[in-house]
Amino acid sequence: MTDPRRPYVRAFAGLMLRDTRVLVRNFAPFVTRTVMNPLLSVFVFAYVFPRIGQGMRAGGAGGANFATILVPGLIAVAMVFQGIAAVALPLSMELGATREIEDRVLAPIPNWLVAVEKIVFGAVQGVVAGLAVFPLVYLIPATPVDVHVESWPLLVVVIALASLASGALGLALGTVVRPQHIGLMFAVVVVPMTFLGCVYYPWAALHPIRWLQIGVLVNPLVYMSEGLRAALTPSLPHMPLPLFLAALVAAVLALSAIGVRAFRQRTID
Amino acid sequence: MTAAIRLDGLVKEYAGPPAVRALDGVDLEVRAGEVFGLLGPNGAGKTTTVGVCTTRVLPTSGSAIVEGVDVVRHPSAARRTIGVVSQYNTLDRSCTVRENLYYHCRYFGLGRAESRVRADELLAQFHLGDRATAMPMQLSGGLAQRVQVARAIAHRPAVLFLDEPTAGLDPQSRLALWELIEGMRERGITVLLTTHYMDEADRLSDRVAIIDAGRVLVCDTPAALKRQVGAETVVQLQLDGAFDGLASVLAGISGVRDVLPTEGGLRVMATAREGLLPRIVEAAAPFELRDVSVSEPTLETVFIRLTGKALRD
């Protein structure tokens, strides 16, 4: 008797292979869209500003240089952006006008697994994006960047959770937001998430603005930035480990549940 | 013969608003190996029926068994036995023609080498070899449809569903697709085809079910359905004037079986009898008779007879 789950594994692998093929074919645009934002951010904030004497200092960050603050933040943004660009945007097209998703929905695999594949592949792209961004944020700044990894397992867990959260966010947005509103999504979701995601400042630094410090806790990007801060730049203030790990797990589960449910509603009448 | 598809009391309601009862108790049995036509006007429930059979629509009640598998309870297993060509071009636009076939095979568990061989085999069979590396957006409608059929049978399903496969195709591509569908019979694949073209259903199908307003009205071979009309000749009269009273006059002519109103005229069902046509024309002449056409009964005649309306409104 063969394992009844074997066809599911094979179909899932097939879906991953298809997405990998498409990613490889579109590798140049993928890299461009991934590195542009962090490249320019780090260039302007950590290279140009210090040289023209317009230094930015993080309040309450104990004199930590801004370039170091940016490292985890920009990696987190790159990962979230992958979730949107690699999952939400194509999915919105495939579910809407082109109906391309049809052949994959008709694969001999439960519907929810097709949705989960989107999350997993989005996560893979998130990891690749994070790796692509790291050398930029490390090498470009004019001031030295203080990166050291105290715990590799922690880094691996944070990256895994952050990338899965990005993929799940992409699935949720791609299935819930109607194709005609996908442009608006950038203004309403992506821009506020980035600016209020503890990318350019550690969460602890928000202390003087207490309402904002509490308010930003609904933003999953906060926990990605803070988690990466704890893993990559532990010299900076960061959230307690149990808090950001629990929040990241909760974000992955909640966004996946929303996305998988909406995916089913969009593909089965 | 065993049933490839068995539908029992299939009901599908959409909550709305407005609430719609798309399927109103569909019973159907498709035999293994036959080409089965589901003929009806737009909105009759053809696509919803195919949607249920192909696991894309959940019925409100009733059951659908395809190749012995309950499609509602075991959708993943059911998908292994079916191939689907929908009425839209759903080819993966990010992949080439060959990749569309190759990855489809991978989804269905074929290995790498096996999938490659199968993709190349299909490219050759469907005369798509020179388009292997083309992207779907570069294909004409007819070619895209051919790729979709190739993809649908790539995993060797027992039953193939074709939903309005020739809608929007030029006549030449339509004929080419008809030949492909006829080829399915030789491969032993059961085909369920939906269409609102009566000539398509007539030419391709071993049996036809006529569906309207979510119900199957009749189901038989095209020849038997046409015999059911009980007429050998159909005379279509186009009249410019008002034709009140003409129907009863015509019905009184010996050999006339039935008279049905159509847009701008009357349709006379009759037995083939010598001298009948002149008598009909004579009766109709005072009502500003503009045109007369005589034909054999078609499936459309059957449909009009059953529903009192034309197939294509």
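Numbering of residues begins from 1 in every chain and follows the order in which that chain's sequence is written. Chain labels run from A onward and ligand labels from 1 onward, assigned in the order the entries are written. Reporting of local features is limited, given that this is a predicted model, to residues whose pLDDT is at least 70; pairs of side-chain atoms are given and counted only at 80 or more, and all residues count toward the totals for whole chains, interfaces and linings.

### Here's the deal with the interface of chain B and chain A
Spelled out, the test is: By definition, residue pairs are in contact when their C-beta atoms, positioned from the backbone, come within 7 Å. Only DSSP runs of H or I covering at least 4 residues are called helices, and only runs of E covering at least 2 are called strands; the numbering of each starts at the N terminus. Residues were grouped as follows: Ala, Val, Leu, Ile, Met, Phe, Trp, Tyr, Cys and Pro as nonpolar; Asp, Glu, Lys and Arg as charged; and all remaining residues, including Gly, as polar.
On the chain A side, the residues contacting the 24 residues of chain B number 22 residues. Listed by contribution, the elements that provide at least two residues to the side of chain B that touches chain A are α2 (75-81) and α3 (97-107) of chain B. Partitioning the side of chain B that touches chain A into residue classes produces 8 nonpolar, 8 polar and 8 charged.

### Thoughts on the sheet that holds strand β14 (residues 289-295) of chain B
Residues and elements named next belong to chain B. Note the cut-off: Strands qualify as paired when DSSP identifies two bridges or more between them. Here the axes come from fitting lines to C-alpha atoms, over the contacting stretch only for helices, and the angles between their N-to-C directions go from 0 to 180 degrees.
The antiparallel open sheet is built from 4 strands, whose spatial order is β12-β13-β11-β14. Two strands in the sheet have a free side with no partner beyond their single neighbour: β12 (256-262) and β14. With strand direction ignored, the average angle separating the axes of adjacent strands in the sheet is 20 degrees. With 6 bridges connecting them, strand β11 (residues 233-239) and strand β13 (residues 265-270) associate as antiparallel partners. Note that in β13 the partner of Val-235 across the bridge is Val-268.

### Points about the confidence of the model for chain B
All names here are of chain B. How we decide: pLDDT runs from 0 to 100 and stands for how confident the predictor is about each residue.
Across chain B, the average pLDDT comes to 88, with 98% of residues at 70 or higher. α3 holds the highest mean pLDDT among the elements of chain B, 95, whereas helix α11 (residues 299-307) holds the lowest, 81. Scored as a complex, the prediction yields pTM 0.85 and ipTM 0.85.

### Remarks on the sheet that holds strand β5 (residues 69-70) of chain B
Residue and element names in this part refer to chain B. Judged by pairing direction, the sheet is antiparallel, and its 4 strands sit side by side in the order β2-β1-β4-β5 without closing on themselves. Each edge of the open sheet carries a strand with a single partner, namely β2 (20-31) and β5. Bridge count for strand β4 (residues 61-66) against β5 is 2 bridges, and the pairing is antiparallel. When the sheet's bridge partners are listed, Val-66 is paired in β5 with Val-69.

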